[in-house]
Amino acid sequence: MKKKVSVIGAGNVGASLAQMIVQSAIADVVLFDIADGVPEGKALDLSEACPLWGSSSSIVGTNDYAHTADSDVIVITAGFPRKPGMSRDDLLNANAKVVSEVTEKTAKVSPNAVIIVVTNPMDVMAQVSLKVSGFDPFRVMGMGGILDSARFRTFVAWELNVSPEDVEALVLGGHGDLMVPMPRFTTIKGVSIIELISKERIDALVERTRHGGAEIVALLKTGSAYYAPAAATYQMVKAVLFDEKRMLPCAAYLDGEYGAKGIYTGVPVMLGSGGVEKIVELNLNEQEKADLEKSVAAVKSLVEKLNL
Ligand code: APR
């Protein structure tokens, strides 16, 4: 029997993720949304693509949480995306309500699942999901760092005219404007970009990465990015389903690591079937530590607004 992934929210991110999972046939998918007909329509469309993709995955679209029962992974993308001029933080109250509701309903019927939160402001939404689900913290995590790192990798690859695949990058901290791209840990075949790109250009690439989401929002005008967010989430889903023990930057619940306690933020983790199986502590220099602290403080101030 295939593993089961429930994708909550059949909008741009959710439907793109569902496509990636079904096309690669790594799991069966349940696509849930409150919108009448939308999850069913998208699921039917994806089902009809399966013969063409040679996929044996099944996909069910639904407005009924019962269909999500016994999922191995629950991905929460439900909520509202940004519009031009909005920060991820502007979505706080509206999305907290949505994430709280969908977590309660899904966790009840899939008590052993791993939850991956995508809805923004993601680090805070992961905390909402942790509290409402009552799950162990290692089974509730957020997607942000892989996406931010992928953006950084892309910009570095363009700068040096190398394949983006050969660029390894790391972005830590909250998935917001104070995220912390880490040039020292960003390498091409093991060589740090500090040795390859001028400080001035690195600063420009870091800045573009920090505002990578807003750059796309400004172009699209009606919503936010979804192909790369879905691809980043896919990588996490796959790591959990196949117990890959991938080392990836994800939002994890910190309990003293990096000097932070009781808060979600983006750090390197080992991702496997148990969820966040390990938090990797890097040796940061003073500047990196200060930047990370600032980023964590920003997440904390949002959490405080919600009285979690
Ligand atoms: N229960 C289930 N689904 C809901 C609920 C709810 N209570 N409220 C909203 N939704 C659904 C909407 O009906 C919509 O189909 O969530 C979906 C969101 O899809 P989009 O508007 O296309 O947004 P998307 O681009 O997918 O982004 C979703 O991910 O990256 C983040 O910032 C982004 O928070 C946003 C989320």
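Residues numbered from 1 in each chain as written. Predicted model: local features only at pLDDT ≥ 70, side-chain atom pairs only at ≥ 80, totals over all residues. Heavy atoms only, no water.

Enquirer: What is the right way to look at the domain arrangement of the protein in this model?
Expert: Size of an interface, as often reported, equals the accessible area lost when the parts are brought together. Along its sequence, the protein is carved into domain 1 (4-143) and domain 2 (145-305). For domain 1 and domain 2, the distance between their C-alpha centroids amounts to 21 Å. On the side of domain 2, 48 residues touch domain 1, which itself brings 38 residues to the contact. For the pair domain 1 and domain 2, the interface holds eight residue pairs in polar contact (both at pLDDT 80 or more). (Domains from an automatic or database assignment. Contact = heavy atoms within 4.5 Å. Polar contact = N/O pair within 3.5 Å; in protein donor to acceptor, adjacent residues only side chain to side chain.)

Enquirer: Explain the site of the ligand here, please?
Expert: Near the ligand, the surroundings consist of 20 residues, among which Asn-12, Val-13, Asp-33, Thr-77 and Asn-120 are the closest. Val-13 has a polar backbone atom sitting 2.8 Å from an oxygen atom of the ligand. Burial of the ligand by the protein chains amounts to 87% of its free accessible area of 730 Å². Where the shell around the ligand is concerned, the elements lending two or more residues are α1 (12-24) and α3 (92-109). (Near = heavy atom within 4 Å. Areas by Shrake-Rupley, 256 points an atom, 1.4 Å probe, with all protein chains shown as cover. Helix = DSSP H or I, 4+ residues; strand = E, 2+ residues; numbered from the N terminus.)

Enquirer: Just checking my understanding: could you explain the packing of α3 against helix α4 (residues 122-133) for this structure?
Expert: Packed helix pairs are specified by the crossing angle of their axes together with the interaxial distance, meaning the distance between the axes. Where α3 contacts α4, the two axes come as close as 9 Å, and the packing angle between them is 35°. Two packed elements cross with a definite hand, and for α3 against α4 that hand is right-handed. Packed against α3, whose contacting residues are Leu-92, Asn-95, Ala-96, Val-99, Ser-100, Thr-103, Glu-104 and Ala-107, the element α4 presents Val-124, Met-125, Val-128, Ser-129, Val-132 and Ser-133 at the interface. (Axes fitted to C-alpha atoms, helices over the stretch in contact; angles between N-to-C directions. Left-handed = near helix turned anticlockwise from the far one by under 90°.)

Enquirer: How should I be thinking about unusual backbone geometry in this particular structure?
Expert: Working note: non-glycine residues mostly have negative phi, and peptide bonds are mostly trans. Pro-121 follows Asn-120 through a cis peptide bond whose omega is -5°. By the secondary structure assignment, Pro-121 is in the loop between β5 (114-117) and α4. Notably, Lys-189 is not glycine yet its phi reads approximately 50°, a positive angle. Along the polypeptide, Lys-189 turns up in the loop between β10 (187-188) and β11 (191-192). According to the relative accessible area criterion, Lys-189 is exposed, its value standing at 67%. Unlike most non-glycine residues, Asp-243 shows phi in positive territory, near 50°. For Asp-243, a relative accessible area of 31% gives the class partly exposed. (Buried < 20%, exposed > 50% of the residue type's maximum accessible area, 1.4 Å probe, protein only.)

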